[in-house]
Amino acid sequence: MVERTLSIIKPDCVAAKNSGKVISMLEKNGFDIVAMKKVWLTKQQAEKFYIVHKERPFYDSLTTFMSEGPIIVMVLEKENAIEDYRKLMGATNPQEASDGTIRKLFGSNIERNAVHGSDSKESADYEINFFFNELEIVKGE
Ligand code: CMP
């Protein structure tokens, strides 16, 4: 089934000038980028985006990190996009990620892990709607 997922190139990866390499990996792996923009979240916006992690001990640090600089947000489309993108990202902790994955290549630690991807259909819907409206998403590629 053709699915959509939300991808974020995080502030660490944008600042390190690795965005182009990540985008190239997405294209080589068959993802269509149907929407894309660069944004700089406020701390409050990052808190809203990561609201499911509100009770976690890393919530404050994570949302400070995610608002420290610009990010690149994309809607990716592909058969089985959610699971396939999670495989391409690799484990949350770059030290545990497989060779050749985005986080292994570009992540530094469990927080500064280069990229984000939706973990389910429900979170993909929430996350895509958080950043994009229907007019901003290209149809019929
Ligand atoms: P992400 O896929 O964006 O989803 C939640 C983020 O929280 C995760 O990537 C990491 O950046 C961060 N995170 C997850 N677990 C931890 C942890 N144990 N300590 C610090 N940050 C974490």
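The model shown is predicted, which means the values in this text are computed figures rather than measured ones.

Considerations on the nonpolar core
- By size, the foremost hydrophobic cluster in this structure holds 20 residues, and its most contacted members are Ile9, Val22, Leu26, Met74, Tyr85 and Ile102.
- Listed by contribution, the elements that provide at least two residues to this core are helix 1 (11-15), helix 2 (19-28), strand 3 (71-79), helix 5 (81-89) and helix 6 (102-106).
- The residues touching leucine 26, leaving out its near neighbours within four places in the chain, are Phe31, Met74, Leu76, Tyr85 and Leu88.
- Listed in part, the 19 residues of the second largest apolar core include Ala35, Leu41, Ile71 and Ile128.

Digging into the environment of aspartate 119
- Tracing the sequence through the fold places aspartate 119 in the loop between strand 4 (115-117) and helix 7 (121-131).
- Between the C-alpha atom of aspartate 119 and that of leucine 6, which follows or precedes it by 113 residues, the distance is 9.3 Å.
- Side chain to side chain, aspartate 119 and serine 120 meet in a polar contact 3.4 Å long.

Things to note about unusual backbone geometry
- One non-glycine residue, asparagine 80, adopts positive backbone phi at about 55°.
- Relative to the helices and strands, asparagine 80 resides in the loop between strand 3 and helix 5.
- Although it is not a glycine, alanine 114 sits at a positive phi angle of roughly 75°.
- By the element assignment, alanine 114 lies in the loop between helix 6 and strand 4.

Regarding helix 5
- Residues of helix 5 that are buried include every one of Ala81, Ile82, Tyr85, Leu88 and Met89, and no others. With its buried residues spanning 130° around the axis, helix 5 presents them on a single face.
- Looking at the buried side of helix 5, the elements it contacts are strand 1 (2-9), helix 2, strand 3, helix 6, strand 4 and helix 7.
- Where helix 5 ends, the next residue or the one after it, glycine 90, has phi of about 90°, a positive value.

A closer look at the site of the ligand
- Close contacts around the ligand come from Lys10, Tyr50, His53, Phe58, Leu62, Thr92, Arg103, Ile110, Glu111, Asn113 and His116, and that covers them all.
- Between the ligand and the protein, one listed contact pairs an oxygen atom with a side-chain N or O atom of histidine 116 at 2.8 Å.
- In isolation the ligand has 450 Å² of accessible area, and contact with the protein removes 79% of it.

Points about the pairing of strand 3
- A large share of strand 3 lies buried, amounting to eight of its nine residues.
- Pairing of strand 1 with strand 3 involves eight bridges; the strand directions are antiparallel. Each residue of the ladder has a partner; that of arginine 4, found in strand 3, is glutamate 77.
- Pairing analysis gives seven bridges linking strand 2 (residues 32-39) to strand 3, with the strands arranged antiparallel. Bridging from a neighbouring strand, lysine 37 pairs with valine 73 of strand 3.

Cut-off values and rules
Residues numbered from 1 in each chain as written. Predicted model: local features only at pLDDT ≥ 70, side-chain atom pairs only at ≥ 80, totals over all residues. Heavy atoms only, no water. Core = buried A, V, L, I, M, F, W, Y, C linked by side-chain atoms within 4.5 Å. Buried < 20%, exposed > 50% of the residue type's maximum accessible area, 1.4 Å probe, protein only. Helix = DSSP H or I, 4+ residues; strand = E, 2+ residues; numbered from the N terminus. Contact = heavy atoms within 4.5 Å. Polar contact = N/O pair within 3.5 Å; in protein donor to acceptor, adjacent residues only side chain to side chain. Arc of directions from axis to C-beta. Near = heavy atom within 4 Å. Areas by Shrake-Rupley, 256 points an atom, 1.4 Å probe, with all protein chains shown as cover. Pairing = 2+ DSSP bridges.

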